[in-house]
Amino acid sequence: MAEGEKLIPINIEDEMKSAYIDYSMSVIVSRALPDVRDGLKPVHRRVLYGMHELGVRANSAHKKSARIVGEVLGKYHPHGDTSVYDTMVRMAQEWSLRYMLVDGQGNFGSVDGDSPAAMRYTEARMQKISEEMLADIDKETVDHKLNFDDTLQEPTVLPTRIPGLLVNGASGIAVGMATNMPPHNLTEVVNGTIAYIDNDEIEIDELMSFIKAPDFPTGGTIYGYDGVRDAFHTGRGRVVLRGKANIEEVNGRECIIVDEIPYQVNKADMIKKTADLVNEKKLEGISTIRDESDRKGMRIVYVLKRDAIPNIVLNKLYKYTALQSSFSVNNIALVNGRPQLLNLKDLIHYFVEHRHEVVVRRTQYELRKAEERAHILEGLIIASDNIDEVIQIIRASSNADEARENLIKRFELSEIQARAIVEMRLRQLTGLEQDKLRSEYEEIIKTIADLKDILDNKDRRMNIIKEELEVIRDKYGDERRSVIEYAGGDLSIEDMIPNEKVVITISHAGYIKRTSLTEYKTQNRGGVGQKASTTRNEDFLEHLFVGTNHQYMLFFTQKGKCFWMRVYEIPEGAKTSKGRAIQNLINIEQDDKVMAFICTQDLKDEDYINSQYVIMATKKGQVKKTSLEQYSRPRTNGINAITIKNGDELLEAKLTTGESQVMLALKSGKAIRFEEAKTRPMGRNASGVRGITLAHDKDEVIGMIAVDDMESNILVVSENGYGKRSSLDDYRITNRGGKGVKTISITDKTGNLVSIKNVTDSDDLMIINKSGIAIRMAVEDLRVMGRATQGVRLINLKGSDSIAAVAKVRHDEDDVDDVETTENTDVSNDGTTVDNNDTDNNNNE
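Nothing here was measured: the structure is a model prediction, and the numbers come from that model.

### Some remarks on the overall build of the protein
On a plain count of helices and strands, the protein comes out with 18 helices and 43 strands. Along the three orthogonal principal directions, the C-alpha set of the protein runs to about 135 × 85 × 55 Å. In the protein, 114 positive and 135 negative side-chain charges are present, and the distance between their average locations comes to 6 Å.

### With respect to the domain arrangement of the protein
Taken domain by domain, the protein comprises domain 1 (31–159), domain 2 (244–322), domain 3 (353–476) and domain 4 (492–522 + 538–599). The gap between the C-alpha centroids of domain 3 and domain 4 is 77 Å.

### A word on the pattern of salt bridges
Per the counting criterion, the structure on display carries 49 salt bridges. The partner of K267 in a salt bridge is D112, with the nearest N and O atoms 3.1 Å apart. Separated by 155 residues along the polypeptide, K267 in helix α10 (residues 267–279) and D112 in the loop between β2 (102–105) and β3 (123–126) bring together distant segments of the chain. Classification of K267 as buried rests on a relative accessible area of 4%.

### Notes on a negative patch on the surface
Taken together, the side chains of D200, E201, E203, D205 and E206 present a region of like negative charge at the surface. One can find E206 in helix α8 (residues 204–207).

### Quick notes on the pairing of strand β31 (residues 670–675)
Where strand β30 (residues 661–666) meets β31, five bridges bridge the pair, whose relative direction is antiparallel. Looking at β31, one finds that M663 is bridged to R673. Pairing of β31 with strand β36 (residues 741–742), which is carried by two bridges, proceeds in the antiparallel orientation. Within the sheet, the bridge partner assigned to K670 lies in β36 and is K742.

### Let's talk about a nonpolar patch on the surface
On the surface, I21, M25 and V29 cluster together into a nonpolar patch covering about 240 Å² of accessible area. On the secondary structure map, V29 appears in helix α1 (residues 12–32). Since its relative accessible area comes to 32%, V29 is described here as partly exposed.

### Details of helix α13 (residues 387–396)
Those residues of α13 that fall on the buried side of the exposure criterion are I387, V390 and I393. Taken end-on, α13 shows its buried residues confined to a sector of 125°, consistent with a single buried face. Opposite the packed face of α13, turned more than 90 degrees from it, sit the exposed residues D388, Q392, R395 and A396.

### Observations regarding the packing of aromatic side chains
All chains considered together, the criterion is met by seven aromatic pairs. With a centroid separation of 5.8 Å and an interplanar angle of 50°, the aromatic rings of Y20 and Y23 are classed as tilted. Note that Y20 and Y23 are positioned in helix α1 at a spacing of three residues, about one turn of the helix. Taking the relative accessible area as the measure of exposure, Y23 reaches 41% and is therefore partly exposed. Taking 6.1 Å as the distance between ring centres and 35° as the angle between the ring planes, the aromatic pair formed by Y263 and F327 counts as tilted. Of this pair, Y263 sits in the loop between β11 (253–260) and α10 while F327 sits in strand β14 (residues 324–330), placing them 64 residues apart in sequence. Since its relative accessible area comes to 6%, Y263 is described here as buried. Owing to a relative accessible area of 3%, F327 belongs among the buried residues under this scheme. Ring-pair connections join several aromatic residues into one group, and the members of that group are F216, Y263 and F327. Over the aromatic face of Y223 sits the side chain of R242, whose NZ or CZ is 3.7 Å from the ring centroid.

### Focus on unusual backbone geometry
A positive phi is found at N251, a non-glycine position, where the angle reads about 50°. Secondary-structure assignment places N251 in the loop between β10 (244–250) and β11. The class for N251 is exposed, based on a relative accessible area of 77%.

### Some details on the sheet that holds strand β34 (residues 713–718)
Pairing in this open sheet of four strands is antiparallel, and the strands run β37-β34-β35-β40 from one edge to the other. With partners counted over all chains shown, the strands left at the sheet margins are β37 (753–759) and β40 (792–793), one partner each. Where β34 and strand β35 (residues 722–727) come together, five bridges link them in antiparallel fashion. Its bridge partner being in β35, N713 is matched across the sheet by S727.

### Quick word on the confidence of the model for the protein
Summary statistics for the protein give a mean pLDDT of 86 and a share of 91% for residues scoring 70 or more. Note that residues 488–493 has pLDDT below 50 and, in this model, five contacts with residues that lie over four places away or in other chains. Confidence drops under pLDDT 50 across residues 813–845; counting only partners more than four residues distant or on other chains, this segment forms 57 contacts.

### Topic: the sheet that holds strand β22 (residues 552–557)
The four strands are arranged β25-β22-β23-β28 in an open sheet whose pairing can be described as antiparallel. The open sheet is flanked by β25 (594–600) and β28 (639–640), the only strands paired with a single partner. Relative to strand β23 (residues 561–566), β22 runs antiparallel, the two sharing five bridges. Bridge pairing in β23 places L554 opposite W564.

Scoring rules and cut-offs
Residues numbered from 1 in each chain as written. Predicted model: local features only at pLDDT ≥ 70, side-chain atom pairs only at ≥ 80, totals over all residues. Heavy atoms only, no water. Helix = DSSP H or I, 4+ residues; strand = E, 2+ residues; numbered from the N terminus. Lys, Arg positive; Asp, Glu negative; His and termini not counted. Charge placed at Lys NZ, Arg CZ, Asp CG, Glu CD. Domains from an automatic or database assignment. Salt bridge = Lys/Arg side-chain N within 4 Å of Asp/Glu carboxyl O. Buried < 20%, exposed > 50% of the residue type's maximum accessible area, 1.4 Å probe, protein only. Patch = residues over 30% accessible without salt bridge, like charges linked within 9 Å, V, L, I, M, F, W, Y side chains within 5 Å. Areas by Shrake-Rupley, 256 points an atom, 1.4 Å probe, with all protein chains shown as cover. Pairing = 2+ DSSP bridges. Arc of directions from axis to C-beta. Phe/Tyr/Trp six-rings, centres within 6.5 Å; stacked < 30°, edge-to-face > 60°. Lys NZ or Arg CZ within 6 Å of the ring centre and 35° of its normal. pLDDT = per-residue confidence, 0-100. Contact = heavy atoms within 4.5 Å.

Next comes the structure, spelled out in structure tokens:
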């Protein structure tokens, strides 16, 4: 041991404690956590300040990244160059920051996790929005501290006009704590901040009407709102994020197309892991995965196997892959140098407090500068008023210092004023310049008064903050990227969907869609009709129903199963579009098909479901009545509605009140009418009782109606386009199980019976041919006639075409088309009239 040195024994435990505390405090305060005021960590702040000092603004040329990194490293941030470059790269990535702070030129990496090019190859400059974070920094608005070697000053915080912490979020791992803050939409944040300035007693729930949820740079869907609510109220919460996926048909194959993925998910990794799951047979139903992303945007295509049900595959993708991920919000930021957990209102409060301090300090600086200038101007005005004497004093002095002393003695000036007079140029002696001095002095006196008023009046300062925020919003605000799906929240998706009337069509091959009722117009009896739907070859429309968006849909299948859906969940399509296969919407078996559907009101309303019944009929004449309550608890895989016997199938299901009369009609032209009360309610698994006796083996039931309005008429339609409207009283009430009475004269000309409906004058009729042509007519145009006649021609059929489906529609006055059509003309889709005899008529395409 050298002379004069001595050893001091220290308890290792104490040394470890103090050293570790010093280290952890350094990490917490100077590295990993953002400041609540500007939302930046020291390294981000230093990068922006370094660029500001270098002069690489948004309107200047890009500079080499290495040059900027060197500047930041040498002056403010004595750590590895990669830490600075990585920070700068992230600030230039559109998938990392909601509002980018650096404008990069060159390869700055990709959403697939590719590395950026080395800093010697890339270039950067500030984004315009970053300049707003440094605005007024030269007006003594923020405190500066010495840098690591005490040679330069650096700001402790930026005087930002942007609520940076809310807008861009932050994440960092300190010692014993971490932060993970999501980004938000600038427009929403500014609106929320202004609402807070107007009323600082505002509740968090009120703030949430402005700032609805986080808004991620990669878009996606926020699935469920509870986590968002927790995060806003407490500062902690779990936000579930889903990629944005659509089911499309590409080259005849059903595909799931993903064009947005959750925040911070590596696209290449996600695709690779999904492919691994498919190869390991843990994920069924996907045949190939293609990444078709390009510079126009993201597009990941999951091509499905032919027998796969897209909705099920999509739900599995959400369950097993990063297509659904969660963002754990943990709002910890530094408040006055101490880490604190903050809720939404706290974050806004500290930002507004910071802005207020910046405005006060900026105003004080501007006031000081204005007063200094006014003081000089006062001296110059005195000099110009006594210019001859001033010149004489200066000429008589041997040097500048003596001249200053003499001026101070003579005119009682200050040192600063005297210096300004001595340094005055000769051109300022002109009359014009003297007028300028006076007008500048008057202006500056007004400015001083205004600045003093700002300092005396807090409301004015708050208004200035608001105005500056509005400018920021108008300049940089944009639309939300992340969609919010309020699953299980108090604001349901229904509140966003208008409860309008829609037409639901189902084709023979099982394609379904909903179309707004207003797309269909009324034509006169005998018209040929408009093209209603584009269907596949060999396919034709078979069912058409009318409901409203908010209603519940019960689907009843041929095999007697019941499935459940909301009307707005049915894909919307134009009148001419094909629709989507029902198999893709509900988990129906391959060899089953939907035969009937019921639109019901709220299935959670006890009184409603207990007072309503579902009455069903099968092709072989069985009928069964069951309480609606039995169908109010849906299951994904459907529930049994009726037990179907061999060789039979379910034909129709109707909703009744238990007081109706039931009518069944046969293909052979017979119909029966009996009281619904004749069938007692049974459980879901019963197979029912006999409703009508068939005339022969080939005969079958073609329809069932439940009659509530005894004034209504019975309308029957045959397959060759003949129809007839008869009085209900023509059909006597009998017991169920009988053979029925004749409802229409069946001849070769009319063809077999295909439909039976109960109608009134306020109904319209929709008739659809197997070729896909639809006609809509008013029922009041059809006169009431006896039940044994063959009826009148309702629609002109071409060649071997026949009627596929008939439905009644409520008759609305404003739906009536102004175009009058006669029996021999046809209105095509573009409004032109085409002669019926034209052999090249394209309506039968």
